[in-house]
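What follows is the residue order along each chain.
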Amino acid sequence: MSELNPRTENVAAVLKVFAVMEALVEGKKVSLADLAQRAMTSKTTAHRLLQTMVELGYVEQDAETEKYGLTLKLFSLGARSLTEQTDLLRVADQAMGKLSRVTGESVNLGILDDRDQKVVYIHKYDSAYSLSMKSTLGLRNPLHSTSLGKALLAWRDDDEIRERINKMELTKLAPRTITDPQELFAQLQMARTRGFAEEVEESEAGVRCMAAPIFNYLGKPIAALSISFPMFRFDESRKSEYVDLLRTAGLTASSGLGYQPAKN
């Protein structure tokens, strides 16, 4: 019987480690049996991995329930990995705070994850209203159905936009989700012309969102911020006001990163 390639064994071990970590993230406090099942490995292997993680300080075990959970050490690593995003979060927070105070609605900040063509939510201000859109930090949504995703795409050159659209699965998620590549491309061009992107019941029924890009000092769109409204609370007569507030917020954050708009 042939022996397993050492490299194959190493890859399998790494996959099991991350499967356990992802199970802990999803379950908060999880038993050994559940972790083994979610990671598709034996209890013995799961226990060995967990004990190593405990020794390294990434996992802790509750003395009473014997369930496992992540410590803040992993969060600390993640926070340090976001160092290059620190300036973005700082300048965006100020602009988002103003949007939140003026509108009272949910305000979100998103960046593009190139690996799976999705927008990742990295900062937010919740709505002042009890009935509102609730987002989760780390949430990943498709680009084609979200105003954030559209804003992240629209200010790229046309060839790149077409290439990205061709790689997407334009899944219908809500009553008005755009599933036609040409229509999406036209929407993105319109967004670039108007200075903001929009979605109306494209990601979720009863929800309307608008977003504006944030540029870095090189003029590249590195993030986008959005305002989310329940349809019944969106005041059409104030739309131009919302757009002005949103575009100003995006420009303010961009200026904080050294962006200088091209002079006409």
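Residues numbered from 1 in each chain as written. Predicted model: local features only at pLDDT ≥ 70, side-chain atom pairs only at ≥ 80, totals over all residues. Heavy atoms only, no water.

The name an unreviewed UniProt entry gives the protein chain is Transcriptional regulator KdgR, with Neorhizobium galegae bv. orientalis str. HAMBI 540 as the organism.

(A) Region of the structure containing the packing of aromatic side chains. Taken as a whole and assessed by the stated rule, the structure comprises 5 aromatic pairs. With a centroid separation of 5.5 Å and 50 degrees between ring planes, the pair formed by Phe 234 and Tyr 242 is classed as tilted. Each member of the pair, Phe 234 as well as Tyr 242, carries the same accessibility label: buried. Three or more aromatic residues link up through ring pairs in this structure, and these residues are Trp 155, Phe 215 and Tyr 259. (Phe/Tyr/Trp six-rings, centres within 6.5 Å; stacked < 30°, edge-to-face > 60°. Buried < 20%, exposed > 50% of the residue type's maximum accessible area, 1.4 Å probe, protein only.)

(B) Focus on the nonpolar core. Within the largest apolar cluster, 25 residues are counted, with the highest numbers of intra-cluster contacts made by Leu 88, Leu 99, Leu 109, Met 210, Ile 214, Leu 225 and Leu 246. Of all the elements in the fold, those that place two or more residues in this core are helix H5 (86-103), strand S3 (106-113), strand S7 (207-215), strand S8 (221-230) and helix H9 (239-256). Residue contributions to this core peak at 6 residues, all from H5. Residues in contact with Leu 246, not counting those within four places in the same chain, are Leu 99, Phe 196, Met 210, Ala 211, Ala 212, Leu 225, Ser 226 and Ile 227. If you look at the next biggest cluster of nonpolar residues, it comprises 21 residues, including Leu 112, Val 119, Ala 151 and Leu 152. (Core = buried A, V, L, I, M, F, W, Y, C linked by side-chain atoms within 4.5 Å. Helix = DSSP H or I, 4+ residues; strand = E, 2+ residues; numbered from the N terminus. Contact = heavy atoms within 4.5 Å.)

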